Amino acid sequence: TAQPVFDNQKWQLISKKLHSYGPSKLNNPQTDTYIPLNSKLENSIEILQIEFIPGQTKRITTDVVENISKSDIMSMCPNTIWKSVEQQYDEIIWRFSIKNCPNHNDQSGITRAVLTKQGIHLFHYTSKKLPMESSVFMQWVKNLKHITPPQPQRTLTYQQKIRMNQ
């Protein structure tokens, strides 16, 4: 299987999880976690996650997506530094920094959330290197913007397949 390209280094998929949580357990959110090739999760300084939550987009806005993430993190780490970076109608980017929080590594992160007809796509980059240098931050904002949500695969009917082959 082809691995997504995030930047100039090679990444390895270490986890692909289907979750069943939230108000509708039928949605089956999925999270794919990547770390740099030849590293282990325990000692990796960088982590990438691609999360997809099917549906929900008729009832949710980018502000709501950000606020849910913010309240989740703030409930565990109330001293988290949080900043909204940019927002458009169907996407939003925010950053955060966690330091000295019990049971959590010190880390800085950037998230891009994109709403599509299929659902909510979240692209997370996290670094355990504090503070995140502005050049690294700008590069990862650019990298996350280049990740495009997958397009739904259209299933052709038998009649459409016949017409295509004529």
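The notes below deal with the structure included here. Note that this is a predicted model, so its numbers are computed, not measured.

### A few points about the side chain of Thr111
Secondary-structure assignment places Thr111 in strand β6 (residues 107–115). Of note is the side chain of Thr111, whose polar atom sits 2.9 Å from the side chain of His124. Those residues within four positions of Thr111 in sequence are excluded, and the remaining contacts are Ile92, Ile93, Trp94, Phe96, Leu122, Phe123, His124 and Leu144.

### So, the packing of aromatic side chains
One pass over the structure, following the stated rule, counts four aromatic pairs. For the pair Trp82 and Trp94, a centre-to-centre distance of 5.8 Å together with 20 degrees between the ring planes defines the contact as stacked. One end of the pair, Trp82, is in strand β4 (residues 81–87); the other, Trp94, is in strand β5 (residues 91–98), with 12 residues separating them in the sequence. Like Trp94, Trp82 is buried. Their ring planes at 5 degrees and their centres at 4.0 Å tell us that Tyr125 and Trp140 sit as a pair that is stacked.

### Digging into the side chain of Arg112
Along the polypeptide, Arg112 turns up in strand β6. Residue class for Arg112 comes out buried when judged on its relative accessible area of 5%. In this structure the side chain of Arg112 is engaged in a polar contact, spanning 3.0 Å, whose partner is the side chain of Glu91. Among residues more than four places away in sequence, those in contact with Arg112 are Glu91, Ile92, Ile93, His121, Leu122, Phe123, Leu144, Lys145 and Ile147.

### Quick notes on helix α2 (residues 134–145)
Along its 12 residues, α2 runs 16 Å from first to last C-alpha, staying within 8% of the 16 Å computed at 1.5 Å per residue. Every buried residue of α2 is listed here: Phe137, Trp140, Val141, Asn143 and Leu144. Along α2, the residues classed as buried sweep out an arc of 165 degrees about the axis, all on the same side. Exposed side of α2, more than 90 degrees from the buried face: Ser134 and Met138 are the residues found there. Each element contacted by the buried residues of α2 is listed here: β1 (11–18), β3 (46–54), β4, β5, β6 and β7 (119–127).

### Description of the state of the cysteines
Under the definition given, this model contains one disulfide. Here Cys77 pairs with Cys101 through a disulfide, and the sulfurs are 2.1 Å apart. What sets the handedness of the Cys77 and Cys101 disulfide is the S-S torsion sign, and at about -85 degrees it is left-handed. Residue Cys77 is located in the loop between α1 (62–76) and β4, and its partner Cys101 is located in the loop between β5 and β6; the two are separated by 24 residues in the primary sequence. Both residues of the pair, Cys77 and Cys101, belong to the buried class.

The rules behind these values
Residues numbered from 1 in each chain as written. Predicted model: local features only at pLDDT ≥ 70, side-chain atom pairs only at ≥ 80, totals over all residues. Heavy atoms only, no water. Helix = DSSP H or I, 4+ residues; strand = E, 2+ residues; numbered from the N terminus. Polar contact = N/O pair within 3.5 Å; in protein donor to acceptor, adjacent residues only side chain to side chain. Contact = heavy atoms within 4.5 Å. Phe/Tyr/Trp six-rings, centres within 6.5 Å; stacked < 30°, edge-to-face > 60°. Buried < 20%, exposed > 50% of the residue type's maximum accessible area, 1.4 Å probe, protein only. Expected span 1.5 Å × (residues − 1). Arc of directions from axis to C-beta. Disulfide = S-S within 2.5 Å.

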